[in-house]
4 protein chains.
Amino acid sequence: MSDVKKVVLAYSGGLDTSVIVKWLQETYACEVVTFTADIGQGEEVEPARTKAQALGVKEIYIEDLREEFVRDYVYPMFRANTIYEGEYLLGTSIARPLIAKRLIEIANETGADAISHGATGKGNDQVRFELGAYALKPGVKVIAPWREWDLNSREKLMAYCEDNDIPVDFSKSKKKSPYSMDANLLHISYEGGILEDPWAEAEEEMWRWSVSPEAAPDQPTYIELTYEKGDVVAIDGESLKPHEVLAKLNKLGGDNGIGRLDIVENRYVGMKSRGCYETPGGTILLRAHRAIESLTLDREAAHLKDELMPKYAKVIYNGYWWSPERRMLQAAIDETQEFVNGVVRMKLYKGNAIVVGRQSEQSLFDESIATFEDDAGAYDQKDAEGFIKLNALRLRIAAGKGRSAS
Amino acid sequence: MSDVKKVVLAYSGGLDTSVIVKWLQETYACEVVTFTADIGQGEEVEPARTKAQALGVKEIYIEDLREEFVRDYVYPMFRANTIYEGEYLLGTSIARPLIAKRLIEIANETGADAISHGATGKGNDQVRFELGAYALKPGVKVIAPWREWDLNSREKLMAYCEDNDIPVDFSKSKKKSPYSMDANLLHISYEGGILEDPWAEAEEEMWRWSVSPEAAPDQPTYIELTYEKGDVVAIDGESLKPHEVLAKLNKLGGDNGIGRLDIVENRYVGMKSRGCYETPGGTILLRAHRAIESLTLDREAAHLKDELMPKYAKVIYNGYWWSPERRMLQAAIDETQEFVNGVVRMKLYKGNAIVVGRQSEQSLFDESIATFEDDAGAYDQKDAEGFIKLNALRLRIAAGKGRSAS
Amino acid sequence: MSDVKKVVLAYSGGLDTSVIVKWLQETYACEVVTFTADIGQGEEVEPARTKAQALGVKEIYIEDLREEFVRDYVYPMFRANTIYEGEYLLGTSIARPLIAKRLIEIANETGADAISHGATGKGNDQVRFELGAYALKPGVKVIAPWREWDLNSREKLMAYCEDNDIPVDFSKSKKKSPYSMDANLLHISYEGGILEDPWAEAEEEMWRWSVSPEAAPDQPTYIELTYEKGDVVAIDGESLKPHEVLAKLNKLGGDNGIGRLDIVENRYVGMKSRGCYETPGGTILLRAHRAIESLTLDREAAHLKDELMPKYAKVIYNGYWWSPERRMLQAAIDETQEFVNGVVRMKLYKGNAIVVGRQSEQSLFDESIATFEDDAGAYDQKDAEGFIKLNALRLRIAAGKGRSAS
Amino acid sequence: MSDVKKVVLAYSGGLDTSVIVKWLQETYACEVVTFTADIGQGEEVEPARTKAQALGVKEIYIEDLREEFVRDYVYPMFRANTIYEGEYLLGTSIARPLIAKRLIEIANETGADAISHGATGKGNDQVRFELGAYALKPGVKVIAPWREWDLNSREKLMAYCEDNDIPVDFSKSKKKSPYSMDANLLHISYEGGILEDPWAEAEEEMWRWSVSPEAAPDQPTYIELTYEKGDVVAIDGESLKPHEVLAKLNKLGGDNGIGRLDIVENRYVGMKSRGCYETPGGTILLRAHRAIESLTLDREAAHLKDELMPKYAKVIYNGYWWSPERRMLQAAIDETQEFVNGVVRMKLYKGNAIVVGRQSEQSLFDESIATFEDDAGAYDQKDAEGFIKLNALRLRIAAGKGRSAS
């Protein structure tokens, strides 16, 4: 083992990361600093303090990062209408860069020379944590216990706990579940268990954040989202901070059966995996943002955004938030959002998030031009002939030279 | 007026195109050939014969193009998971190339030197018809009455009918509607009327192909779609032709409140317009195709498809089906579909088309690799370290040279 | 003719635009304001004053825009390594947005309601002028005489001059040439004449800015270009303004036979045309910029720039400088240039502009990592195995399922 | 060491791979099969037989792959006008997939369970060999001695030779050089030595395939290349096979000082490296292919190719020739080449490969449309007004709503 003096661990307070605290102390004979963040996962973070203390940790960081998380990560991502592989709203991916950043900042504050995390060696999260860490502190040592130790089964972990006096009720903080779960203000995810068969339908009892469409109210809920520069700043006229917006939309969406997703996705490490996600607020946000852009964004800017989006999604999914290419894409995206202001009206009903109206003082929709009625010269229909003729010219020349177009 | 001898008109049998028959005969003193196609718009096409005869037309083409339409246009488009501006399934756009092709083929058969259509000078359809026509017959003359005449209001049209003995009940073939509508097997669209205010919610009575989610059954419907090379070939085990698949999915989707869309879109001619669409079958197809691809398509092929898709959608939306760039994109897309075989199981419920299972003999999902359980060497978690280290190298070098990543 | 009171004309002082002054005065019975700019075309602009006065023009604008041209248009374009269709350095395209901007600003200052230019109806320049004008002043009237009048041959123009007392020696300002030419600090272009046969080799006497490689000196010239944030700020250590840099590189390049180009290009209006170009300084700049980026730019940022470049080139070529999509692309490009600092050493010799060295304090080249010699742990070769294994995983799974990769 | 029975080695006959034969026999106690290919590297391959025999190898493959190499790898790549990072013609990258394929085919023929190569752990070639091998035979074992052994310096290698009776004159097959070199019909490359300082100019004596521009003849050489479907099939009217074309162009280019390149590039493994390349024939081919395309390819197809090219180049550079995404891109590229037929005339002179003429029966260049002279209606200049007006519409609406375009 290399010479590590102090390591900052992303500590959830749960069983796995508690084992990691012990394992790090023993294996590396180093001091462990724990870092526990509230990013809206819906569990108390304060209990992590006592647990960490019980494990002999002296430097304990517990922080509420919800506002920063939504303001600086979730919101910029939604400006791009980001979806990975046509479906996934990147709920897990977008939380990792912030955790990586704080791990490194705390390492710098505490004089630690290493960081550690509880992600396995098969998933994307290890990549996201570590790419972030290396980008922010190139000489940092990263310890990924799941890739190093031999505790890679539930039984071995339990035995380790017993041997090391780690109270197993640590695990009660998460309700016993057959699924591997991850949650933050944007989403909760489920993997493993019966989901490993992609033909098997997810059980109703698995879902935690939303009622089923069947169980949702029979009456629709209407809401109005106010946008400024591409970000939601108010719901139904009430000004809210970014994380308050998302929390409220999660409640509204979840109550109306909105935001469930069941997909097979391609991991960066090369395999396919099946995951289920609940993203109630995010699902509403995506629709609404497209709606306000549809009114206020120039066509070619919108199309260029659409062409760049898959790349941007991939950059985030693969863990390259802290990279030059992400900053480059963000600069292009943010450049377009200045006039993305206005109000979107939505109807939420049994799984559906439906846009029913949109308005903006910066609207580029021009009724006088688009109308089917006679208009007074705002648009000369005869211009269309020249437009078509010149756009057709290359096709006509080719056909005239005997090339078949069909 | 230039010297036109015979013109082939895309003739619906409705009032507008009946006026066009007369207007062409008078204005150009030419013979008119009518062409009426059943592409699944849900109206009888045979009555167009009598109407055309009454207008003195001698060469009358009436054809059932439903199978060709879905097989050669809709299906290839869905292989690309095509959506325009993140929302629109291109229901109108995809029907135009086929009409343009038949207009030109009929012109060649009948010795006509011109074609004509009833699209206005403000919309996309004129562009799509005419680009197709020019690409397929470069010397053809195109007559677009709405850009030429001065009958550009309902009143003037009616007066023209009266002056020319065109029976106004011609218009009864379409139920009186305040909306401009267009329909084919893929969708029905609505524009105009109160929709010209993008803040106004569409009225329930406008929608024709689907019940509202509220009015849909309280019990879900489960279906299984069988794919071969990216195309649906059977529903619930029953083999169907492409247009039968789409017709059946339209019924299933419409009955379950699926496929309504209300958007503001950017037209090729430069303005924004608001449209409402019902695409019940197409909405199901899009989800299902992504699901079968998620299991059977290589990651990088899938991502490249996603990057190309917005361009492909734009090519179709703008009317360039009969172009070298469309063929080029199609070649890339079709290359990927060889192994897109298998079955997708979906749940249809009150507006939701939910993927609940997918299976394939060509599945690239490998349970033994993706599992959270201990595995026997199919995947060595230690490989992840090297993977991350080398992917991080450029970021570490940059950070090491003092560049800030945040 | 519509009601035009005052029109600002892009006036070269040559025969064609002098005819336009007269024709505008007569046809529109309006006042004409002339605008003549020095953008480095290599001709005196001051003589335009007397000529305009002789034509009765009262408001005459003559301006030296060389610095602004290079600083705000040429330099931003070169940051993207911009080339159209793999060859063309956009010398004509990049000058148009500046002219359009000044035409509109002068229209605003002088209370003019229209602008006019001398570009023909077949070329790209009309599009570039007019798109710029409309984007900057949406209600402006644009008068394009070449699309309106019937003076479309040399003979008719001459007759018009005679009839209207326009001194034909106006045309002497340009040496008599069989080619249509355009020049500014970035390039000089040739079209027409024997070039209309793409098989015909351009004559040696056509070229004006460069000697032939054969006639260039037998000794190479070495130069060093200093970059700051992606722009050249000094040559051989001497600080220069942007337009001074370009002028000096034109001299150095031209003397060494550098920068000739002979291509067939695709115009935005739909046809192919053959053009010859001399871009001595630009040719050097393109090579040098790539060289300094090769040392200082992150790999993925560089690759993303390369993917965006063709789009950016097309935007400029087609005349959309003053568009949201150009600003969006520029934001992405400029974001990457912060560390593009350093010195490039080049050898100029008989048509060749050869990079022979590059250095930078922000260099990301790390000799200790790249070296073939034994190194002490900066890079662990064993990491490569995991890197390859995980990158190969998707390919192995596919092959394992029986898919042939060849 | 895992249980390897037989390994196929890419064997050059040089010192390094001879050491590898011995090392494999000893370390893995396995049989070694050698595979030596003539891909135009300019050295005899037959002597490898005696050397392999001397090392106790029983199964020896020696093959002339020059035709297959150029026909199936180099030519398809040039159809895309492929360049990596704006400069590099991928000479090394494109040879690896063929070697990987033959290694695997031979492994299948000889019943070998492993392959091995002599690429180091820092370069791209290990990745290219191994990705290809895994894609073609997913269960193959790959042995990369340079990542495993401790012979990583010249001294240790020599000591190993002495200890194992490997004749050191093995190394004489390559002239002693301070550079790491690689050659095939497309190029020869140089790395290491003084090139590790990117500011240092390459020495004249380093270059092997070309004279310097200074030393090239004072008279230009003119050649004509005949294209069929995007590939050169004849030079100066003489039909040649693909590898004969490339060999002849290498001679012509090299004699005229054409094809030297000196760059810093970004390796897939994360570092920058400096390389010098001689690609005489390839440099001519790239120019010529663009020229024949400029005449025969549709504009939008050409532009789409340009947008896809950087991605295609990256796929090849990174070693993903045997991947679904490469096949997908190739399908798109090949779709466009049907009409890329004709003749390109070039002038070769002291480092310059200049296109001076191009002609084609499939030319889309239409003199009657492009001409500056009066024409008879092939193109109506008035169409340009409508074309510009509608293209400007979105910009005018935005400006009309008060958005500043500048």
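Residues numbered from 1 in each chain as written. Chains lettered and ligands numbered in written order. Predicted model: local features only at pLDDT ≥ 70, side-chain atom pairs only at ≥ 80, totals over all residues. Heavy atoms only, no water.

- By the naming in an unreviewed UniProt entry, chain A is Argininosuccinate synthase, taken from Salinicola socius.
- Here is the UniProt Subunit (unreviewed entry) comment for chain A, exactly as written: "Homotetramer."
- What UniProt records for chain A under Sequence similarities (unreviewed entry) is the sentence "Belongs to the argininosuccinate synthase family. Type 1 subfamily." (UniProt positions renumbered as here; feature names shortened; annotations may be inferred.)

### Comments concerning the interface of chain C and chain D
Often the size quoted for an interface is simply the accessible area lost on bringing the parts together.
Consideration 1: With 108 residues of chain C in contact, the opposing surface of chain D contributes 106 residues.
Consideration 2: Both faces combined, the contact of chain C with chain D buries some 9800 Å², and carbon together with sulfur accounts for 54% of it.
Consideration 3: Between the two partners, chain C and chain D, sit twelve salt bridges.
Consideration 4: Among the salt bridges present, the one from C:E300 reaches D:K314, with a minimum N-O distance of 2.8 Å.
Consideration 5: Put simply, chain C and chain D have 50 residue pairs in polar contact (both at pLDDT 80 or more) between them.
Consideration 6: Element by element, the count of residues in the side of chain C that touches chain D is highest for helix α13 (residues 383-400) of chain C, at twelve residues.
Consideration 7: Looking at side-chain class alone, the side of chain C that touches chain D contains 43 nonpolar, 25 polar and 40 charged residues. (Contact = heavy atoms within 4.5 Å. Buried area = accessible area lost by both parts, 1.4 Å probe. Salt bridge = Lys/Arg side-chain N within 4 Å of Asp/Glu carboxyl O. Polar contact = N/O pair within 3.5 Å; in protein donor to acceptor, adjacent residues only side chain to side chain. Helix = DSSP H or I, 4+ residues; strand = E, 2+ residues; numbered from the N terminus. Nonpolar A, V, L, I, M, F, W, Y, C, P; charged D, E, K, R; others polar.)

### With respect to the packing of aromatic side chains
Consideration 1: Inspection of the entire model under this criterion finds 50 aromatic pairs over all chains.
Consideration 2: Between the aromatic rings of A:Y73 and A:W322, the centroid separation amounts to 6.2 Å while the plane-to-plane angle is 75°, which identifies the pairing as edge-to-face. Note that A:Y73 is positioned in helix α3 (residues 66-78) and A:W322 in the loop between α10 (299-317) and α11 (324-335), a separation of 249 residues in sequence.
Consideration 3: What makes A:Y73 buried here is its relative accessible area of 3%.
Consideration 4: Taken together, a centroid distance of 6.0 Å and an interplanar angle of 75° make the contact between B:Y268 and B:Y320 edge-to-face. (Phe/Tyr/Trp six-rings, centres within 6.5 Å; stacked < 30°, edge-to-face > 60°. Buried < 20%, exposed > 50% of the residue type's maximum accessible area, 1.4 Å probe, protein only.)

### With respect to the interface of chain A and chain B
Consideration 1: Facing 108 residues of chain A, the contacting portion of chain B comprises 107 residues.
Consideration 2: In this assembly, chain A packs against chain B so that about 9800 Å² is buried in total across both faces, 55% of it on carbon and sulfur atoms.
Consideration 3: Counting the contacts that link chain A with chain B gives twelve salt bridges.
Consideration 4: The residue B:R345 makes a salt bridge to A:E201 at a minimum N-O spacing of 3.4 Å.
Consideration 5: Connecting chain A to chain B are 50 residue pairs in polar contact (both at pLDDT 80 or more).
Consideration 6: Residues that form the side of chain A that touches chain B fall into these classes: 43 nonpolar, 25 polar and 40 charged.

### A short note on the relation of the copies chain A and chain B
Consideration 1: Each copy superposes on the other: chain A lies on chain B with an RMSD of 0.0 Å after a rotation of 180° and an axial shift of 0.0 Å. Read as a symmetry element, the transformation amounts to a two-fold axis. When C-alpha distances to the rotation axis are compared across chain A, the minimum falls at A:E307, with a value of 3.0 Å.
Consideration 2: When the interface residues of chain A are mapped onto chain B, 99% of them are again interface residues, pointing to one common binding face. (Least-squares fit on C-alpha atoms with pLDDT ≥ 70 in both.)

### Here we look at the UniProt feature "domain: Arginosuccinate synthase-like N-terminal" (unreviewed entry) in chain A
Consideration 1: In this numbering, the UniProt entry assigns the feature "domain: Arginosuccinate synthase-like N-terminal" (unreviewed entry) to residues 6-167 of chain A.
Consideration 2: End C-alpha atoms of residues 6-167 of chain A are separated by 24 Å, and the span's content is 46% helix alongside 15% strand.

### Some details on the pairing of strand β14 (residues 352-359) of chain B
All names here are of chain B.
Consideration 1: Of all eight residues that make up β14, six are buried, and the element is covered over most of its length.
Consideration 2: With seven bridges joining them, strand β13 (residues 342-349) and β14 adopt antiparallel strand pairing. Within β14, the position partnered with L348 by the bridge is A353.
Consideration 3: The antiparallel hairpin formed by β13 and β14 contains two residues in its connecting segment, where K350 sits at a positive phi of about 45°. (Pairing = 2+ DSSP bridges.)

### Thoughts on the state of the cysteines
All names here are of chain B.
Consideration 1: Throughout the structure, instances matching the rule amount to zero disulfides over all chains.
Consideration 2: The thiol sulfur of C30 is not disulfide-bonded, and the nearest other cysteine sulfur, from C161, lies at 18 Å.
Consideration 3: You can call C30 buried: its relative accessible area is 9%. (Disulfide = S-S within 2.5 Å.)

### Thoughts on the sheet that holds strand β13 (residues 342-349) of chain C
All names here are of chain C.
Consideration 1: Spatially, β10-β9-β8-β13-β14 is the arrangement adopted by the five strands of the open sheet, whose pairing is antiparallel. Across the chains shown, the open sheet's two edge strands, defined by having one partner strand only, are β10 (238-239) and β14 (352-359).
Consideration 2: As defined by bridge partners, strand β8 (residues 221-228) adjoins β13 across seven bridges and the pair is classed as antiparallel. Counterpart to I223 in the pairing with β13 is M346.

### Considering the sheet that holds strand β6 (residues 180-183) of chain B
Residue and element names in this part refer to chain B.
Consideration 1: Strand order in this open sheet of four strands is β6-β7-β12-β11, and the pairing throughout is antiparallel. Each edge of the sheet is formed by a strand with only one pairing partner; in this case those strands are β6 and β11 (260-266). Across the sheet, the mean angle separating the axes of adjacent strands is 25° when strand polarity is ignored.
Consideration 2: Sheet topology note: the strand β7 (residues 188-191)/strand β12 (residues 272-278) ladder contains three bridges and is antiparallel. (Axes fitted to C-alpha atoms, helices over the stretch in contact; angles between N-to-C directions.)

### Some thoughts on the confidence of the model for chain A
Consideration 1: When the pLDDT values of chain A are averaged, the result is 94; 95% of them are 70 or greater.
Consideration 2: The complex model carries a pTM of 0.97, and its ipTM stands at 0.96. (pLDDT = per-residue confidence, 0-100.)

### Observations concerning the UniProt feature "binding site: L-citrulline" (unreviewed entry) in chain A
Residue and element names in this part refer to chain A.
Consideration 1: Cross-referencing UniProt, the feature "binding site: L-citrulline" (unreviewed entry) maps to Y88, S93, N124, R128, S180, S189, E265 and Y277 in the present numbering.
Consideration 2: Examined against the element boundaries, S180 turns out to sit in strand β6 (residues 180-183).
Consideration 3: Positionally, S189 belongs in strand β7 (residues 188-191).
Consideration 4: When neighbours within four sequence positions are excluded, S189 is seen to be in contact with T92, S180, M181, D182, C276 and Y277.

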